Amino acid sequence: MNSAALKAKLEAKDPSVMEVLLSVNAQAADVAEEARQRLINAITVYEKTFASEEVVVVRAPGRVNLIGEHTDYNGFPVMPMAISRDMLIVAGASKDNVISFANVIPSFQGGSFTIERNIPPYQGGDWGNYIKSATQGLIDFWGTEEGLQGLKMVIDGNVPLASGLSSSAAFTVAAAEAILAINGRTIDPVVLAEVMAKSDHYVGMASGGMDQSISILGQAGKCLKIDFYPIRTKLVTLPKEADILVCHSRVKAAKAGNARVAYNMRTVECRIAYMLLHKLAGKAGAKEPTMLYDWFANETEGFDDALNKIETALVDEGYTVKMIAEALGVSEEYAAKEVCLTKTGEVMPEPQGGFQVKKRARHVISEARRVEDSMALLNGDSENKAEAFGLLMDQSHASCRDDYEISCEELNALVEAGKAAGSYGSRLTGAGFGGCTVHLIPKGKGPEFIKKIHEAYYLPHDLDGYADNQYLFAPAQGAGVLFK
Ligand code: GLA
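Description of the structure in this document. Predicted model only: the values in this text are computed from it and were never measured.

### Regarding the packing of helix H8 (residues 258-280) against helix H13 (residues 357-378)
The contact between H8 and H13 brings their axes to 9 Å, and the two run at 90°. Between H8 and H13, the crossing angle belongs to the class labelled roughly perpendicular. Of the residues in H13, those touching H8 at Arg266, Glu269, Cys270, Ile272, Ala273 and Leu276 are Val357, Arg360, Ala361 and Val364. Residues of the contact of H8 with H13, tallied by class, amount to seven nonpolar, no polar and three charged.

This is the structure in structure tokens:
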């Protein structure tokens, strides 16, 4: 559609455009109105930066994970929902094979790069890398960059950054949607989710596929249970007597920074757990596959058995490289370089106190069970679903805090504030190490909770200056083209 014509429709609140903005945002009128204003602004920036011309508008949402933390890269399911915070991109075709981009916020410096078979990344931490990772992911999928047309894009995002709500996945997915739309190509959404799931590896993060999958596959009004390898989804209905409140601790969990190394370390500890448990099951030290799920599915009789085996086979203390080498019957050099390795090829040095293998494995298996239990509960017909699901969320937080050690003082304080205010369940969400908590609260009680949590957490932490700390989210629709 011509940018000027689209802008005129948005300005006139034309029912055809408002309907689209409402439908992707679970019919929330205030969110649709905000999206309308953001788009008018983004089109204005586009016309100033590039030209008034044919454009498409694509959108990709962030997500909040309700339960199932750090399970995805272990081959176990997660249960997230897409949120009404998203990335909107206004994009137009360029005549060459160059991708040029700008942000509505000028401090996010724009740039451009040429489409080629192997696109060199910008420096670590550059936001343009998320556009590059999307482009590279699509090129790897097609096996060639030939015939791919360049584009110009203006991006407006309102997913809080480094908050555990997947702003980077929303960005990557939106960029991929823009590239597809401008090139008139389509990819089945589940296949696209598989392609984009690997895209974080481009920025050195050995993550699983949850964030990109839910951004693409989210359904308005529902959360999803997502299984991996290969990606499969099931719709899950939230308890009708509950709302979802998300609170930002304001501790930054930057994927390009502090959180990356800690996250990658967890993936390595899980890999060591897999190799030790697999070896102790009497199988030769396998190199691949290296997911705890493979051990669970092939060498245990279910959750109880798996948890028992972890308790008896692994030691409580941290594992040194020497201990790993002895247990696996390999050289220390091999253990250090080939076992303590992320799937992005990064060697993780032995941390002080050793690799925490037992606790990590216990978290993964117990968390996977909680996801299965949550789905059975929420899609079943028992009474008191909110209380029962809330309890599982509380248990998940305790496990994330004590066994997976991905919480921090601020996240724990927010969880306690949520519980003290009367939530059914409260837990950290996303990778951890900062970012957000998610609370299952009684329906319609949002304003009351927001006030109480403000008083219990934000005021004493001197964070009352932030206007945008707490969000009530309804499950939003996954990514796609809004206007073309
Ligand atoms: C990040 C990763 C996901 C997932 C979560 C933790 O968001 O990108 O793949 O591992 O952390 O559950």
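### Quick look at the site of the ligand
What surrounds the ligand is a group of 14 residues, the closest being Glu69, His70, Asp72, Asp211 and Tyr263. Here an oxygen atom of the ligand sits 2.6 Å away from a polar atom, N or O, in the side chain of Tyr263. Protein contact buries 99% of the 310 Å² of open area that the ligand shows by itself. Of the residues that constitute the shell around the ligand, the class distribution is four nonpolar, four polar and six charged.

### Topic: the sheet that holds strand S4 (residues 111-114)
Here six strands make up an open sheet; going across it, the order is S4-S3-S5-S2-S1-S12 and the pairing mixed. Two strands in the sheet have a free side with no partner beyond their single neighbour: S4 and strand S12 (480-483). Neighbour to neighbour, the strand axes of the sheet diverge by 30° on average, direction disregarded. With five bridges joining them, strand S3 (residues 98-103) and strand S5 (residues 151-157) adopt parallel strand pairing. In the strand pairing of S5, Ser100 is matched with Lys152. Seen against the sheet, helix H4 (residues 128-142) touches S3, S4 and S5 and runs at an angle of roughly 145° to S3.

### Some details on the environment of Gly390
Along the chain, Gly390 turns up in helix H14 (residues 385-402). Separated by 35 residues in sequence, Gly390 and Gly425 have C-alpha atoms that sit 3.6 Å apart. Beyond its immediate sequence surroundings of up to four residues, Gly390 is in contact with Tyr424, Gly425 and Leu440.

### Brief notes about the environment of Ser423
Summarising the element assignment, Ser423 is placed in the loop between helix H15 (409-421) and strand S9 (425-429). The class of Ser423 is buried, set by a relative accessible area of 7%. Placed 178 residues apart in sequence, Ser423 and Leu245 show a C-alpha to C-alpha distance of 9.5 Å. Filtering out sequence-adjacent residues up to four positions away, Ser423 remains in contact with Gly418, His439, Leu440, Ile441 and Phe449.

### Side note on the sheet that holds strand S10 (residues 436-442)
Strand order in the open sheet formed by four strands is S9-S10-S8-S11, and the pairing between neighbours is antiparallel. Looking at which strands have only one partner, the edges of the open sheet turn out to be S9 and strand S11 (470-473). Direction aside, the axes of adjacent strands within the sheet are offset by 25° on average. For strand S8 (residues 242-248) and S10, the ladder comprises seven bridges, and the chain directions are antiparallel. Looking at S10, one finds that Asp243 is bridged to Ile441. Packed on one face of the sheet, H14 meets S8, S9 and S10 and runs near 40° to S9.

### Concerning the packing of aromatic side chains
As enumerated under the stated definition, the model contains 16 aromatic pairs in all. When the ring of Tyr73 is compared with that of Tyr263, the centres are 5.4 Å apart and the planes differ by 65°; the resulting orientation is edge-to-face. Highlighted residues: Tyr73 in the loop between strand S1 (56-67) and strand S2 (79-93) and Tyr263 in helix H8, separated in sequence by 190 residues. Taking relative accessible area as the criterion, Tyr73 reaches 7% and is therefore assigned buried. You can call Tyr263 buried: its relative accessible area is 6%. Between Tyr130 and Phe171, the ring centres sit 6.2 Å apart and the planes meet at 55°, which makes this aromatic pair tilted. Of this pair, Tyr130 sits in helix H4 while Phe171 sits in helix H5 (residues 167-182), and the two are 41 residues apart along the sequence. The burial state of Tyr130 is the same as that of Phe171; both residues are buried. Cluster of aromatic residues (ring-pair linked, three or more members): Phe101, Phe108, Phe113, Tyr122, Trp127, Tyr130 and Phe171. Positioned above the aromatic ring of Tyr122, the side-chain terminus of Lys132 is 3.5 Å from the ring centre. Its end group placed over the ring of Trp142, Arg185 keeps NZ or CZ at 4.3 Å from the ring centre.

### Overview of H5
Relative to the 22 Å expected for 16 residues at 1.5 Å per residue, H5 spans 22 Å between its end C-alpha atoms, a close match to the ideal helical length. Downstream of H5 by a residue or two, Gly184 has a phi angle that is positive, lying close to 60°.

### Considerations on the nonpolar core
Formed by 76 residues in total, the largest nonpolar core has its most connected members in Met81, Ile131, Met153, Leu165, Met196 and Val246. At 10 residues, H5 tops the list of elements feeding residues into this core. Once you skip the residues sitting within four places of it in the chain, Val246 turns out to touch Val64, Leu165, Cys436, Thr437, Val438, Asn469, Gln470, Tyr471 and Phe473. In terms of nonpolar packing, the next biggest core, distinct from the first, is built from 45 residues, Met275, Leu276, Trp295 and Leu328 among them.

### Structural notes on the pattern of salt bridges
Across all of its chains, the model carries 32 salt bridges by this definition. Residue Lys13 pairs with Glu33 through a salt bridge whose shortest N-O separation is 3.9 Å. With Lys13 in the loop between helix H1 (3-11) and helix H2 (15-24) and Glu33 in helix H3 (residues 29-49), this pair connects stretches of sequence that are 20 residues apart. The partly exposed category is assigned to Lys13, whose relative accessible area is 45%. For Arg38, the salt bridge is made with Asp86, and the minimal N-O distance between the two is 2.9 Å. Highlighted residues: Arg38 in helix H3 and Asp86 in strand S2, separated in sequence by 48 residues. Assigned by exposure class, Arg38 and Asp86 land together as buried.

### Some words on unusual backbone geometry
The residue after Tyr229, namely Pro230, is reached through a cis peptide bond having omega 0°. At Gln27, a residue that is not glycine, the phi angle is positive and equals roughly 65°. Position of Gln27 among the secondary structure elements: in the loop between H2 and H3. Overall, Gln27 belongs to the exposed group, its relative accessible area being 53%.

The rules behind the values
- Residues numbered from 1 in each chain as written.
- Predicted model: local features only at pLDDT ≥ 70, side-chain atom pairs only at ≥ 80, totals over all residues.
- Heavy atoms only, no water.
- Axes fitted to C-alpha atoms, helices over the stretch in contact; angles between N-to-C directions.
- Helix = DSSP H or I, 4+ residues; strand = E, 2+ residues; numbered from the N terminus.
- Parallel < 35°, antiparallel > 145°, perpendicular 65-115°, else oblique.
- Contact = heavy atoms within 4.5 Å.
- Nonpolar A, V, L, I, M, F, W, Y, C, P; charged D, E, K, R; others polar.
- Near = heavy atom within 4 Å.
- Polar contact = N/O pair within 3.5 Å; in protein donor to acceptor, adjacent residues only side chain to side chain.
- Areas by Shrake-Rupley, 256 points an atom, 1.4 Å probe, with all protein chains shown as cover.
- Pairing = 2+ DSSP bridges.
- Buried < 20%, exposed > 50% of the residue type's maximum accessible area, 1.4 Å probe, protein only.
- Phe/Tyr/Trp six-rings, centres within 6.5 Å; stacked < 30°, edge-to-face > 60°.
- Lys NZ or Arg CZ within 6 Å of the ring centre and 35° of its normal.
- Expected span 1.5 Å × (residues − 1).
- Core = buried A, V, L, I, M, F, W, Y, C linked by side-chain atoms within 4.5 Å.
- Salt bridge = Lys/Arg side-chain N within 4 Å of Asp/Glu carboxyl O.

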